[in-house]
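Next come the chains, spelled out residue by residue.
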Amino acid sequence: MPELYVSVSLLMVRVMLGIIFMAHGYPKIFDRKFALATAKFFKTLRVPAPRFFTFLVGFIELFGGVMLFIGLFGQVWAFLLAMIMVVAIALTGNQKGFKGGYEFELLIFVCGLMLFLLGDGMYSLTFLISHFNLF
């Protein structure tokens, strides 16, 4: 398969995951009511220090989403975001089963894992930095 198709595919997945994670991370950081509701939900799941983990997850989702969107160190952020999905599935996935339960988180995990394994592709800041020796 030509490198162009691979890089365009990676770009599409990277941008969409970035948008999804930015949309989910932003309210955990900047919407106090939403953040408190998330912390309350985490507490029901017996997550230790639920407010801290609400902030940590929100930060990783928001900042990681931005980094995926622009393609900067995407492999690192894709791995972290995939691990958040593993925890989400482990904590909540068995409540509803696959359909209507953890199918979305599993899809996001697989996309994150794919980006971790394949990298950002040619259409990314990481590629520009490494290819043109900018740093």
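Fair warning: this is a prediction, and the values are worked out from it, not measured in the lab.

Visitor: What should I look at first to understand the overall build of the protein chain in this one?
Guide: In terms of helices and strands, the protein chain carries six helices and zero strands. Counting from the amino terminus, the protein chain carries its helices and strands in the arrangement α-α-α-α-α-α. Counting only C-alpha atoms, the protein chain reaches 50 × 30 × 20 Å along its principal axes. Buried residues in the protein chain amount to 36% of all 135 residues. Total accessible area on the protein chain is roughly 8,500 Å²; 74% of this is exposed by carbon and sulfur atoms. Here the protein chain carries 10 positive and 6 negative side-chain charges, and the mean point of each set is 16 Å from the other.

Visitor: Looking at this model, I keep getting lost on the layout of surface pockets. Mind explaining?
Guide: Over the atoms, a rolling probe the size of a water molecule traces out where space has been left empty. Roughly 830 Å³ of volume is contained in the largest pocket. If you go around the largest pocket, you meet 34 residues; those closest to its centre are Phe41, Phe42, Ile84, Met85 and Ala88. Going through the elements one at a time, helix H1 (3-30), helix H2 (32-44), helix H3 (50-70), helix H4 (74-96) and helix H5 (98-118) are the ones with two or more residues in the lining of the largest pocket. Tallying contributions element by element places H4 first for the lining of the largest pocket, with 12 residues. Within the lining of the largest pocket, the residues separate by chemical class into 23 nonpolar, seven polar and four charged.

Visitor: Help me out: how do you make sense of the environment of Val110 in this one?
Guide: Note that Val110 resides in helix H5. Residue Val110 is classed as partly exposed on the basis of its relative accessible area of 45%. Note: C-alpha distance between Val110 and Phe127 (17 residues apart in sequence) is 22 Å.

Visitor: In this structure, what is going on with the pattern of salt bridges? I would like to understand it.
Guide: For side chains of opposite charge, pairing can occur when their charged atoms come near one another. This structure, assessed with the given rule, holds one salt bridge. Residue Lys28 is joined to Glu61 by a salt bridge in which the shortest nitrogen-to-oxygen separation is 2.8 Å. Taken together, the positions of Lys28 in helix H1 and Glu61 in helix H3 put the pair 33 residues apart, joining distant regions of the chain. Judged by relative accessible area, Lys28 falls into the buried class, the value being 11%. Overall, Glu61 belongs to the buried group, its relative accessible area being 5%.

Visitor: Could you clarify how one ought to interpret the side chain of Arg14 in this entry?
Guide: Tracing the backbone shows Arg14 in helix H1. The charged side chain of Arg14 is buried without a salt bridge, its nearest counter-charge being Asp120 at 4.7 Å. A polar contact is formed between the side chain of Arg14 and the backbone oxygen of Leu68, at a distance of 2.7 Å. When neighbours within four sequence positions are excluded, Arg14 is seen to be in contact with Leu68, Phe69, Ile70, Gly71, Leu115, Asp120, Tyr123 and Ser124.

Visitor: So what exactly am I meant to see when it comes to H3 here?
Guide: An α-helical segment advances 3.6 residues per turn. Residues three or four places apart therefore align on the same side. With 21 residues, H3 should cover 30 Å at 1.5 Å per step; its first-to-last C-alpha distance of 30 Å lies within 8% of that length. Count one or two residues on from H3 and you reach Gly71, which has phi positive near 75°.

The rules behind these values
Residues numbered from 1 in each chain as written. Predicted model: local features only at pLDDT ≥ 70, side-chain atom pairs only at ≥ 80, totals over all residues. Heavy atoms only, no water. Helix = DSSP H or I, 4+ residues; strand = E, 2+ residues; numbered from the N terminus. Buried < 20%, exposed > 50% of the residue type's maximum accessible area, 1.4 Å probe, protein only. Areas by Shrake-Rupley, 256 points an atom, 1.4 Å probe, with all protein chains shown as cover. Lys, Arg positive; Asp, Glu negative; His and termini not counted. Charge placed at Lys NZ, Arg CZ, Asp CG, Glu CD. 1 Å grid on protein atoms, 1.4 Å probe; cavity = no way out; pocket = protein on both sides within 12 Å on 5 of 7 lines; lining within 4 Å. Points joined across faces, edges and corners; volume = space filled by probe spheres on them. Nonpolar A, V, L, I, M, F, W, Y, C, P; charged D, E, K, R; others polar. Salt bridge = Lys/Arg side-chain N within 4 Å of Asp/Glu carboxyl O. Polar contact = N/O pair within 3.5 Å; in protein donor to acceptor, adjacent residues only side chain to side chain. Contact = heavy atoms within 4.5 Å. Expected span 1.5 Å × (residues − 1).

This is a description of form; function is not addressed.
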